[in-house]
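# Overview (structure and organization)
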Protein chains: 2
Amino acid sequence: MKMNEGVEWALHSCVNLSFIPGETVTAKRLAAFYNLPTAYLNKQLQALNRAGILSSTSGPKGGFQLARRPDQISLLDIVVAIDGAEDAFRCAGILKDGPSGDPKADYRKTCLISQAMRTAELNYRRELAGQTIADIVHQVQTTFPDTPDNTRNWFANLKS
Amino acid sequence: MKMNEGVEWALHSCVNLSFIPGETVTAKRLAAFYNLPTAYLNKQLQALNRAGILSSTSGPKGGFQLARRPDQISLLDIVVAIDGAEDAFRCAGILKDGPSGDPKADYRKTCLISQAMRTAELNYRRELAGQTIADIVHQVQTTFPDTPDNTRNWFANLKS
DNA sequence: GCGATTGTACTCGGATACAAGTTGTCCGAGTAAGTGTGG
DNA sequence: CCACACTTACTCGGACAACTTGTATCCGAGTACAATCGC
């Protein structure tokens, strides 16, 4: 069970974008910030765009920016946008093929093992849904007060 | 983010084995119960054996059986045995490659995003660690009282 | 001099290769029972 | 009749392919700016 690597990139990029509200930043610069492969990060940003988390504009002076307020973007939103909405534990319903299996039954609900795994995973998602990008930004501001200005300056200086 | 399919098989097989305490059951029969590919299920059972959850004996009259009491086997034990102990969200520490990155710092602890993802995942695992095979068996007995006897009979009849 | 137009450089976007991990399969090592043989 | 050794059949165990999925890359569609040409 491993999560797409792009999730981490997307999370960090969204936090960075929230430091520069209103401005559009190209995938190239976002990638340069962490020395990431530009084209691949671009792909993740496209996914965020499709999910309505970012808005993109083409051409010169184009780039990405947050499509909503940071407090309206949960960590789960980003995870789902990049990694998909499917559950990690996919109950294949093997009970169906068992000796007393009923093909019509929905074993995702009756199978007790499936239930246990599902509720655990649901809590996981609930916790991720409860935290927003704004929360992370707030924590960063209190823990590392210099970081917001530093990143702002970095992106501003690279503009040349 | 998807979990190995074998986890489901392993969970169900452990529950089935707990219905037949003291007896050894071959991978072939465990697989036949759900119409699963025998060799592949065998592979999963090997992993459970290495993890100390099952004990295996070779040769005729050989097979697998639970190595511990069902109340000493948590769902997390099985998940870890099959799917590995690595976290789903592996913080690659991309902050290291950032403009003010410190190669010596352990960003798995300082990075706030990593912390948020990690705590959510930790709760997930804690919940899985809190439930044991015995709990599942107990729930099955109260919800589907016939199931234990049915499966016992099935394995007994196939013995011929 | 001013405006429309064309050209250009830069961006995202999706289609396309490459690598890795999961899924599935096969044959060999080891073991316990059954069988035949000699005492 | 009993004990021993051998054969045999059956099991796990790890090594070996096939395939799906994640990773990485490239080139085309579209856009805004800038330079150029005409009036």
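Presented here is a report on the structure given in the accompanying data block. Bear in mind that the values here come from a model prediction, so they are computed numbers and not experimental data.

Residue and element names in this part refer to chain A. Relative to the assigned elements, Ser13 resides in helix H1 (residues 6-19). Taking relative accessible area as the criterion, Ser13 reaches 2% and is therefore assigned buried. When residues no more than four places from it in sequence are discounted, the contact partners of Ser13 are Leu30, Leu41 and Leu45.

This part covers the protein's contact with DNA strand D. Contacts to DNA strand D come from 23 residues, most closely from Lys43(A), Gln46(B), Arg50(B), Ser56(B) and Gly59(B). Glu5(A) has a polar backbone atom sitting 3.5 Å from a phosphate oxygen of DNA strand D. Looking at the surface near DNA strand D, the elements with two or more residues in it are helix H3 (38-50) of chain A together with helix H3 (38-50), strand S1 (54-57) and strand S2 (63-66) of chain B. Per-element accounting of the surface near DNA strand D gives the leading share, 5 residues, to H3(B). In terms of residue class, the surface near DNA strand D is made up of 8 nonpolar, 11 polar and 4 charged.

This brings us to the packing of helix H2 (residues 27-34) of chain A against helix H8 (residues 147-157) of chain A. Residue and element names in this part refer to chain A. Taken N-terminus to C-terminus, the directions of H2 and H8 make an angle of 125°; their axes are 11 Å apart at the nearest point. By the criterion of interaxial angle, the relationship of H2 to H8 is oblique. Of the two possible hands of crossing, H2 and H8 adopt the one that is right-handed. Note on element contacts: H8 touches H2 through Thr151, Trp154 and Phe155, opposite Arg29, Leu30, Ala32 and Phe33. Across the contact of H2 with H8, the residue classes tally to 5 nonpolar, 1 polar and 1 charged.

Where empty space is left becomes clear once a probe the size of a water molecule has been rolled over the atoms. All told, the structure shown has 4 cavities of 30 Å³ or more when counted by the stated rule. Quantified by volume, the largest cavity comes out at close to 60 Å³. Lining the largest cavity are Met1(A), Ala88(A), Glu121(A), Tyr124(A), Met1(B), Ala88(B), Glu121(B) and Tyr124(B). When grouped by side-chain class, the residues that make up the lining of the largest cavity number 6 nonpolar, no polar and 2 charged.

Thresholds, definitions, all that
- Residues numbered from 1 in each chain as written.
- Chains lettered and ligands numbered in written order.
- Predicted model: local features only at pLDDT ≥ 70, side-chain atom pairs only at ≥ 80, totals over all residues.
- Heavy atoms only, no water.
- Helix = DSSP H or I, 4+ residues; strand = E, 2+ residues; numbered from the N terminus.
- Buried < 20%, exposed > 50% of the residue type's maximum accessible area, 1.4 Å probe, protein only.
- Contact = heavy atoms within 4.5 Å.
- Near = heavy atom within 4 Å.
- Polar contact = N/O pair within 3.5 Å; in protein donor to acceptor, adjacent residues only side chain to side chain.
- Nonpolar A, V, L, I, M, F, W, Y, C, P; charged D, E, K, R; others polar.
- Axes fitted to C-alpha atoms, helices over the stretch in contact; angles between N-to-C directions.
- Parallel < 35°, antiparallel > 145°, perpendicular 65-115°, else oblique.
- Left-handed = near helix turned anticlockwise from the far one by under 90°.
- 1 Å grid on protein atoms, 1.4 Å probe; cavity = no way out; pocket = protein on both sides within 12 Å on 5 of 7 lines; lining within 4 Å.
- Points joined across faces, edges and corners; volume = space filled by probe spheres on them.

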